[in-house]
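# Overview (structure and organization)
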Amino acid sequence: MPRFKIGERVALKGRLREVHSGEAIGTVVSIAPDSHGKTPRKAAQERKTLIIKIRVNVGQLKMLQAAAGRASLDLSTWIRTVALRAAKEE
């Protein structure tokens, strides 16, 4: 449950207070989760930390980017998805 509401007037504290020379009032314009509201990190074996390089020419890169775009995925995610699907089928 957020401590503040959008539009609420609040006293600035910490670094903001220093920047604004002591007493200052601000208006809440957005609320971000604190460190306790973050999604927990994945286990080490689940994280994607390895990099594979592939060689393609400009035309091939454009084709791959277009296919990834049609799937609404970034290029890396699309290539990984397609490659893993092909690997499972073999």
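Preceding this section is the structure that the text describes.
Residues numbered from 1 in each chain as written. Predicted model: local features only at pLDDT ≥ 70, side-chain atom pairs only at ≥ 80, totals over all residues. Heavy atoms only, no water.

## Some details on the overall build of the protein chain
The condition that has to hold: Per the convention used, a helix needs a DSSP run of H or I reaching at least four residues, while a strand needs a run of E reaching at least two, with both numbered from the N terminus. Only protein chains enter the accessibility calculation, which uses a 1.4 Å probe. A residue is then buried if its area is under 20% of the maximum for its type, exposed if over 50%, and partly exposed in between. The contact rule is simple, with two residues in contact once any of their heavy atoms fall within 4.5 Å. Only the protein chains shown count as cover for residues, with accessible areas throughout obtained via the Shrake-Rupley method and a probe of 1.4 Å.
The helix and strand inventory of the protein chain stands at three helices and two strands. The order of α-helices and β-strands along the protein chain, N terminus first, is β-α-β-α-α. Scored against the burial criterion, the 90 residues of the protein chain give a buried share of 9%. For the protein chain, long-range pairs separated by at least 24 residues make up 18% of all intrachain contacts whose partners lie at least 6 apart in sequence. On the protein chain, roughly 8,600 Å² of surface is accessible, and the fraction owed to carbon and sulfur atoms is 57%.

## Remarks on helix α2 (residues 58-70)
Rules: In a helix, the anticipated span is given by 1.5 Å times the number of residues less one. Pairs of N or O atoms are called polar contacts if they sit within 3.5 Å, as long as, within protein, a hydrogen donor faces a hydrogen acceptor (for residues adjacent in sequence, only side-chain-to-side-chain pairs).
The first and last C-alpha atoms of α2 sit 18 Å apart over 13 residues, in line with the 18 Å expected at 1.5 Å per residue. Its side-chain oxygen at 3.0 Å from the backbone nitrogen of G59, N57 defines the N-terminal cap of α2. Phi for S72, located one or two positions after α2, is positive at around 60°.

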